[in-house]
Amino acid sequence: MLAQRVGLRGLQRFASRSAQLRASTRQYSAPSEGSLNQSGFKLQDNAFNRERAANKAHAGGSAEFWRKLSIYVAIPCLLIASANAYTLWNEHWEHEAHMPPPEERPQYAYLNLRSKPYPWGDGNKTLFWNDKVNYVKED
């Protein structure tokens, strides 16, 4: 019985505190020109309220401009750039197909220098090793 009373009292305290917190938080908004403020009074026609209304109108226009710019300019540019990259990628691999296999290419002294083995794999391949384009002749 005592545990139920303690639990009920704690719940009541929590509910009253959360209600106090909700009542103490204020909701701020930017009322438009000629509307009523939160207290129910009509806004005064002064320089501050006129400037605030002008800023609100300008912000709405700017947001619309950037939305249109993003949709009608940025997205088509991304699509064109993606098509260009895809074309260049395919041209590169067509060019690679005409070259001799990696085993027959000359191994120059400045290629694949190793002063000590890498701590991964067999110790001879870099972290970003690609078997299609990288090759090391085993001595």
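Structure's up top.
Here's what I pulled together on the structure shown here. As the structure is a prediction and not an experimental result, all values here were calculated from the model. (Residues numbered from 1 in each chain as written. Predicted model: local features only at pLDDT ≥ 70, side-chain atom pairs only at ≥ 80, totals over all residues. Heavy atoms only, no water.)

Describing the overall build of the protein chain
The following threshold applies: Put simply, DSSP H or I for four residues or longer makes a helix, DSSP E for two residues or longer makes a strand, and each gets a number counted from the N terminus. Classification of residues uses two cut-offs on accessible area relative to the type maximum, computed with a 1.4 Å probe and protein chains only: under 20% is buried, over 50% is exposed, and between them is partly exposed. By definition, residues are in contact when any of their heavy atoms lie within 4.5 Å. The protein chains shown are the only cover counted for residues, whose accessible areas, like all others here, come from Shrake-Rupley with a 1.4 Å probe.
Across its full length, the protein chain holds two helices and zero strands. For the protein chain, buried positions account for 5% of its 139 residues. Sequence separation of 24 or more characterises 23% of the internal contacts of the protein chain that already satisfy a separation of 6 or more. Only carbon and sulfur atoms are counted for the fraction: they give 61% of the accessible area of the protein chain, which is about 12,600 Å².

Re helix 2 (residues 47-97)
How we decide: A helix is expected to span 1.5 Å multiplied by its residue count minus one. Note on bend: the value at a residue is the angle between axes fitted to the seven residues ending there and to the seven starting there.
With 51 residues, helix 2 extends 72 Å between its outermost C-alpha atoms, agreeing within 8% with the 75 Å of an ideal straight helix rising 1.5 Å per residue. Along its length, helix 2 reaches its greatest deviation from straightness, about 35 degrees, at Ser70.

Let's talk about a nonpolar patch on the surface
Under the convention used in this document: For patch building, the residue pool is restricted to those with more than 30% relative accessible area and no salt bridge; the joining distance is 9 Å between like charges and 5 Å between nonpolar side chains (Val, Leu, Ile, Met, Phe, Trp, Tyr). Salt bridges are defined by distance alone: a side-chain nitrogen of Lys or Arg within 4 Å of a carboxyl oxygen of Asp or Glu.
On the surface, Ile71, Tyr72, Val73, Ile75 and Leu79 cluster together into a nonpolar patch covering about 500 Å² of accessible area. Relative to the helices and strands, Leu79 resides in helix 2.

Some points on the packing of aromatic side chains
Definition in use: For Phe, Tyr and Trp, where Trp contributes only its six-membered ring, two rings pair if their centres lie within 6.5 Å, and the inter-plane angle classes them as stacked under 30 degrees, edge-to-face over 60, or tilted in between.
Summed over the entire model, instances satisfying the criterion amount to four aromatic pairs. Relative to Trp66, the ring of Phe65 has its centre 5.2 Å away and its plane inclined at 75 degrees; by these criteria the two rings are edge-to-face. Classification of Phe65 by relative accessible area gives partly exposed; the value is 48%. Measuring from ring centre to ring centre gives 5.7 Å for Tyr108 and Tyr110, while their planes differ by 5 degrees; the resulting arrangement is stacked. Note on Tyr108: relative accessible area 46%, which makes it partly exposed.

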